[in-house]
Each structure stands twice: as C-alpha cells, then as structure tokens.
Amino acid sequence: GCSLRTDESLEVARQLPNDRIMIETDAPWCGVKPSHPGHSSIQTKWPAKDKKKRSEIDTGETVKDRSEPCHIAQVLEVLAAVKGEDA
C-alpha cells in the first residue's frame, strides 16, 4: 500500500532480493490506490461496499477504501510485476 505509492519505492523494491522481502498490507489503511504506479498490476479484486451499506453479517465483501488482510495478494502482484515475475 503506502510503501508502494511512488515510482522510486517500486524501484527500490525491484532491486531487493526476494528472500529479503516480507510483505504486508498496511491494513487497515493505505491500500494500493488507483493513483499508485503499481495499481495497474493488480489482478485480484473483491467486491467492496461502503461501510454503512454492508449488512451486519459478513457476506464476503470488503469495506470500500480500506486495506484488509486478504489484500496481501495485491501487494504480491505489484511486487511480482515490478520484478518481472509471476505472482
């Protein structure tokens, strides 16, 4: 999320050896946003609803504009794309 929001950050990540990287989502804040340079690399998406419109029972959607633990896949997709590797 926040760590991947600039081209410079992506370049640093590209140069790091894979065995030295630990990924995280920055949950619950700082998801990978459309304004971030790696956003176009995201392939995995979940249905999202405004927090106020979600039902009391979890039906599988995420909260709109909130980074959630399942978004770890998106972080991996961005890093893989920057490194030219498969996620």
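Just above sits the structure.
Residues numbered from 1 in each chain as written. Predicted model: local features only at pLDDT ≥ 70, side-chain atom pairs only at ≥ 80, totals over all residues. Heavy atoms only, no water.

> Explain the layout of surface pockets residue by residue, including any values.
Put simply, the largest pocket is a space of about 420 Å³. Looking at the largest pocket, it is lined by 21 residues, and the ones nearest its centre are Val32, Asp65, Arg66, His71 and Gln74. For the lining of the largest pocket, the secondary structure elements donating two or more residues are β2 (62-63) and α2 (72-83). Taken together, the residues of the lining of the largest pocket sort by class into seven nonpolar, nine polar and five charged. The computed volume of the second largest pocket comes to approximately 220 Å³. (1 Å grid on protein atoms, 1.4 Å probe; cavity = no way out; pocket = protein on both sides within 12 Å on 5 of 7 lines; lining within 4 Å. Points joined across faces, edges and corners; volume = space filled by probe spheres on them. Helix = DSSP H or I, 4+ residues; strand = E, 2+ residues; numbered from the N terminus. Nonpolar A, V, L, I, M, F, W, Y, C, P; charged D, E, K, R; others polar.)

> Describe the nonpolar core, with residues and values.
Grouped together as the largest cluster of nonpolar side chains are eight residues: Leu4, Leu10, Ala13, Val32, Ile42, Val75, Val78 and Leu79. Looking at this core, the elements with two or more residues in it are α1 (7-15) and α2. Tallying contributions element by element places α2 first for this core, with three residues. (Core = buried A, V, L, I, M, F, W, Y, C linked by side-chain atoms within 4.5 Å. Buried < 20%, exposed > 50% of the residue type's maximum accessible area, 1.4 Å probe, protein only.)

> Would you mind going over unusual backbone geometry in detail, with residue names and values included?
Look at Asp65: it is not a glycine, yet its phi comes out positive at around 65°. According to the relative accessible area criterion, Asp65 is exposed, its value standing at 65%.

> Outline the pattern of salt bridges, supporting the account with residue identities and numerical values.
A complete count under the given rule lists two salt bridges for this structure. Salt-bridge contacts for Arg14 lead to Glu11; the nearest nitrogen and oxygen are separated by 2.7 Å. Of the two residues, Arg14 and Glu11 both sit in helix α1, three residues apart, roughly one turn of that helix. Judged by its relative accessible area of 40%, Arg14 is partly exposed. A salt bridge links Arg66 to Glu68, with the nearest nitrogen and oxygen atoms 3.4 Å apart. (Salt bridge = Lys/Arg side-chain N within 4 Å of Asp/Glu carboxyl O.)

> Residues and numbers for α2, please.
For α2, built from 12 residues, the straight-helix expectation of 16 Å at 1.5 Å per residue is met to within 8% by its first-to-last C-alpha distance of 17 Å. Elements that come into contact with the buried residues of α2 comprise α1. Phi turns positive one or two residues past the end of α2, at Gly84, with a value near 70°. (Expected span 1.5 Å × (residues − 1). Contact = heavy atoms within 4.5 Å.)

> Give me a nonpolar patch on the surface: which residues, what numbers.
Taken together, the side chains of Ile23, Ile72 and Leu76 present a nonpolar region at the surface, about 200 Å² in accessible area. Note that Ile72 resides in helix α2. (Patch = residues over 30% accessible without salt bridge, like charges linked within 9 Å, V, L, I, M, F, W, Y side chains within 5 Å. Areas by Shrake-Rupley, 256 points an atom, 1.4 Å probe, with all protein chains shown as cover.)

> Tell me about the packing of α1 against α2, and name the residues and values.
It is the contact of α1 with α2, at a shortest axis distance of 9 Å, that shows an interaxial angle of 75°. Classified by the interaxial angle, the pair formed by α1 and α2 is roughly perpendicular. Within the contact between the two elements, α1 uses Leu10, Ala13 and Arg14 and α2 uses Val78, Leu79, Val82 and Lys83. Among the residues making up the contact of α1 with α2, the classes are represented as five nonpolar, no polar and two charged. (Axes fitted to C-alpha atoms, helices over the stretch in contact; angles between N-to-C directions. Parallel < 35°, antiparallel > 145°, perpendicular 65-115°, else oblique.)

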